[in-house]
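Overview (structure and organization)
Below are the chains, spelled out letter by letter.
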Amino acid sequence: MPDQTPRYLLAPEGVDVAPLRSWLEALGPLRVISGPEELLGMNGSEGSADPGWVFVPAEWAVGRLHRLLAQLANQSGAWSPLLVATIGEKVSVLPVSPGYREEWSAALERIAAAGTPAALLSFRRCLEELSRIRHDINNPLTAALAETQLMLMESDLEEDRKESLEVVEAQLRRIAALVAELTALRAPRSISEA
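By convention here, each chain's residues receive numbers from 1 onward along its written sequence. With pLDDT at 70 or above as the cut-off, local features in this predicted model cover only qualifying residues; side-chain atom pairs require 80 or more to be listed or tallied, and sums for whole chains, interfaces and linings still use all residues. Excluding hydrogens and water, the side-chain figures rest on all heavy atoms present in the structure.

This part takes up the pairing of strand 5 (residues 90-95). Pairing between strands requires that DSSP locate at least two bridges from one strand to the other. Counting from the N terminus, the helices are the DSSP runs of H or I reaching at least four residues and the strands are the DSSP runs of E reaching at least two. In terms of strand pairing, strand 4 (residues 80-87) meets strand 5 through 6 bridges, oriented antiparallel. Residue pairing for strand 5: Leu83 is matched across the bridge by Leu94. Between the antiparallel neighbours strand 4 and strand 5 lie 2 residues, among them Gly88 with a positive phi of about 65 degrees.

See the structure below:
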């Protein structure tokens, strides 16, 4: 099933977004906007759009990008801005997610604590932490599933115990499937600058 998350293309005056627009329109519905005001319903314009992907051309002014990120950070929902840079024939995307605002003191506490608490402040650290957690879950999960299957192979197993073990096996398989889905949430294998 195709992703139904809304897609928005920021097309500020003076920036050619035609190639980007054609690529994005091939994915499905796309709303082209001239500025964040249209998106967020500011300055009396209609807006308050559903959260979604916001494609921002790299040529857009840095100061304006900063304001957009600050405005998105104040919104609820999964807003996902992506800075799109085109250099010759090469197009790259840089996630510039605003994450969630934190008070300075709370951010310093996370940084001092390191590990999982600090990961929330960095998209890259969050992906690394998720990868570590996925790996740490997989090892005992594999062992538990193997032990359950070995117990199920016993020939003298009482029927009610067998049913209980089958329930446990089914739940362990369910956890394994959920953990496998998290494999998609990982850093790219090769990181190159655009």
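From this point on, the discussion continues.
Fitted lines through C-alpha atoms give the axes, limited to the stretch in contact for helices. The angle between two N-to-C directions lies from 0 to 180 degrees. Interhelical geometry of helix 6 (residues 123-152) versus helix 7 (residues 159-181) gives an angle of 155 degrees and a closest axis separation of 10 Å. The orientation of helix 6 relative to helix 7 falls into the category roughly antiparallel. Considering the relative orientation of helix 6 and helix 7, their crossing is left-handed. Contacts from Arg134, Ile137, Asn138, Leu141, Ala144, Leu145, Thr148, Gln149, Met151 and Leu152 of helix 6 reach helix 7 at Arg161, Lys162, Leu165, Glu166, Val168, Glu169, Leu172, Arg173, Ile175, Ala176 and Val179. Working definition: roughly parallel below 35 degrees, roughly antiparallel above 145 degrees, roughly perpendicular at 65 to 115 degrees, and oblique for all remaining angles. Working rule for handedness: look at the near helix, and if it is turned counterclockwise from the far one by less than a right angle, call the crossing left-handed; if clockwise, right-handed. Note on contacts: a residue pair is in contact if any heavy atoms of the two residues lie within 4.5 Å.

Type-normalised accessible area, obtained with a 1.4 Å probe on protein chains alone, sets the label of each residue: buried when under 20%, exposed when over 50%, and partly exposed for intermediate values. Covered by surrounding structure in strand 1 (residues 7-10) are Arg7 and Leu9 together with Tyr8 and Leu10, the residues of both alternating faces. As paired elements, strand 1 and strand 2 (residues 31-33) share 3 bridges and run parallel to each other. When the bridges of strand 2 are listed, Tyr8 appears paired with Arg31.

What follows is about the nonpolar core. Generally speaking, a soluble globular protein has its nonpolar side chains buried in company with each other. With 15 residues, the main nonpolar core has Tyr8, Leu39, Val56 and Trp79 as its most contacted residues. Counting only elements with at least two residues in this core, the list comes to strand 1, helix 2 (36-40), strand 3 (53-57) and helix 3 (62-73). At 3 residues, the largest contribution of residues to this core is made by helix 3. Beyond its immediate sequence surroundings of up to four residues, Trp79 is in contact with Tyr8, Leu39, Leu40, Ala49, Asp50, Pro51, Gly52, Val54, Leu72 and Pro98. In these notes, a set of buried Ala, Val, Leu, Ile, Met, Phe, Trp, Tyr and Cys residues joined through side-chain atoms within 4.5 Å is what counts as a nonpolar core.

Structural remark: α-helix, 3.6 residues per turn; residues separated by three or four positions point the same way. Under the convention used throughout, the expected extent of a helix is 1.5 Å for every residue step, that is, one less than its residue count. Between its first and last C-alpha, helix 6 extends 42 Å over 30 residues, near the 44 Å set by a 1.5 Å rise per residue. Every buried residue of helix 6 is listed here: Leu127, Glu129, Arg134, Leu141, Leu145, Thr148 and Leu152. The inward-facing, buried residues of helix 6 contact helix 5 (115-119) and helix 7.

Turning next to a nonpolar patch on the surface. For patches, a residue must show more than 30% relative accessible area and have no salt bridge; joins then use 9 Å for like charges and 5 Å for nonpolar side chains, namely Val, Leu, Ile, Met, Phe, Trp and Tyr. Computed with a 1.4 Å probe, the accessible areas rest on the Shrake-Rupley method; for each residue, only the protein chains presented here act as cover. Put simply, a salt bridge is a Lys or Arg side-chain nitrogen that is within 4 Å of an Asp or Glu carboxyl oxygen. Taken together, the side chains of Trp104, Leu108, Ile111 and Leu121 present a nonpolar region at the surface, about 450 Å² in accessible area. Relative to the helices and strands, Trp104 is located in helix 4 (residues 104-113).

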